[in-house]
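Structural overview for review
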Amino acid sequence: QYGMSTMAAADVDCQACHEVPSDYPNEVEHEGTWVINSPTPAKCQTCHPQEVAQFTQSRHALPAYVAVAGSQDLSEVHLTQYLSITEGQALEDKSRNAIAALEGDTLTRFTCYACHNIGRPHEDGSAGECQQCHLRHEFSLEQARRPETCNACHIGPDHPQYEIYQESPHGIMYATLGDSWNWDADPGTLSVEDFPA
């Protein structure tokens with residue numbers, strides 16, 4: 001996957017994303033250096049500051065996580081981040097979703113966190129899991145933009161967005177014409193010419 005990626009084509013090596021100082025949160029020693037198994041947005045922003053800034057202000061960031069976990073355990077840094085997002089100002093008590101509270105941690109650990117961890121806070125001050133949409137190690141723009149990627153979380157009776165999209169005129173257009181769309185258009189340049197629906 002990495003060998004076919006845009007990262008490999010740009011000579012970005014494994015160390016650029018995984019190597020960290022010896023005092024970095026959750027580091028492990030590996031062959032004379034220290035690494036993190038799963039890079040956080042703090043690592044991604046080295047090369048992608050605009051994308052990380054946009055993500056951090058989105059509902060896929062801390063609001064997604066807080067919807068299940070609540071905000072009571074957020075660090076001061078993360079709470080400040082959360083409150084700066086429109087979504088973070090919606091509930092006065094910043095409590096988690098009533099359904100998640102009723103189900104409890106025993107269930108939500110398996111039923112909710114798999115998707116809601118897309119906004120999980122990290123000890124390095126960042127929040128999120130870019131790999132939920134930009135599946136490692138290929139980092140394909142097309143992969144992140146295809147509706148099937150959204151389908152991993154946005155499906156089922158409690159989150160039916162994918163089914164609604166599939167049955168809509170936009171979804172039908174995607175199903176019939178999507179192979180001709182410009183999935184690899186440069187970020188920030190997308191228009192209806194690239195994605196008509």
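Attention in this report is confined to the structure presented alongside it. Residue positions are counted from 1 within each chain, in the order its sequence is given. Totals for whole chains, interfaces and linings use all residues, but because this is a predicted model, local features are given only for residues with pLDDT of at least 70 and pairs of side-chain atoms are given and counted only at 80 or more. For side-chain calculations, the full set of non-hydrogen atoms in the structure is used, while hydrogens and water are omitted.

Focus on helix α7 (residues 98-111)
Put simply, the rule reads: Strands here mean DSSP runs of E at least two residues long; helices mean DSSP runs of H or I at least four residues long; both are numbered from the N terminus. The span one expects for a helix is its residue count, reduced by one, times 1.5 Å. By definition, a residue's bend is the angle between the axes fitted to the seven residues ending there and the seven starting there. Throughout this description, buried means an accessible area under 20% of the type-specific maximum (1.4 Å probe, protein chains only), exposed means over 50%, and partly exposed covers the range between. Contact between two residues is taken to exist if any of their heavy atoms lie within 4.5 Å; hydrogens are not considered.
In this model α7 runs just 15 Å from its N-terminal to its C-terminal C-alpha over 14 residues, more than 12% under the 20 Å that 1.5 Å per residue would give. Gly-104 marks where α7 bends most, by close to 115°. Buried residues of α7: Ala-100, Gly-104 and Thr-108, and no others. Packing partners of the buried residues in α7 comprise α5 (62-69) and α8 (113-116).

Notes on the pattern of salt bridges
Here is the rule: The term salt bridge refers to a pairing of a side-chain nitrogen on Lys or Arg with a carboxyl oxygen on Asp or Glu at a separation within 4 Å.
Taken as a whole and assessed by the stated rule, the structure comprises 3 salt bridges. Where Glu-129 meets Arg-120, a salt bridge forms, and the shortest distance between an N and an O atom there is 2.8 Å. Overall, the relative accessible area of 31% leaves Arg-120 in the partly exposed class. Between Arg-146 and Glu-142 there is a salt bridge, with its nearest N and O atoms 2.7 Å apart. The exposure class of Arg-146 is buried, given its relative accessible area of 16%. The network of salt bridges with shared partners includes Glu-142, Arg-146 and Asp-179.

Details of α5
Helical geometry: 3.6 residues make up each α-helical turn, so side chains three or four residues apart lie on a common side. In terms of residue burial, α5 counts as a mostly covered element, since 7 of its 8 residues are buried. Turning to α5, its buried residues number three or more, namely Leu-62, Pro-63, Ala-64, Tyr-65, Val-66, Val-68 and Ala-69. Contacts from the buried residues of α5 go to α6 (76-83), α7 and α8.

Some points on the packing of α5 against α6
So the rule is basically this: Only the stretch in contact is used when fitting a helix axis, every axis being a line fitted to C-alpha atoms; angles between N-to-C directions are given from 0 to 180 degrees. We call two directions roughly parallel when the angle between them is under 35 degrees, roughly antiparallel when it is over 145, roughly perpendicular when it lies between 65 and 115, and oblique otherwise. Polarity classes work like this: nonpolar for Ala, Val, Leu, Ile, Met, Phe, Trp, Tyr, Cys and Pro, charged for Asp, Glu, Lys and Arg, and polar for all others, with Gly in that last group.
At a minimum axis separation of 10 Å, α5 and α6 run at an interaxial angle of 110°. It follows that α5 is roughly perpendicular to α6 by the angle criterion. Mapping the contact onto sequence places Leu-62, Pro-63 and Val-66 in α5 and His-78, Gln-81 and Tyr-82 in α6. For the contact of α5 with α6, the class distribution of residues is 4 nonpolar, 2 polar and no charged.

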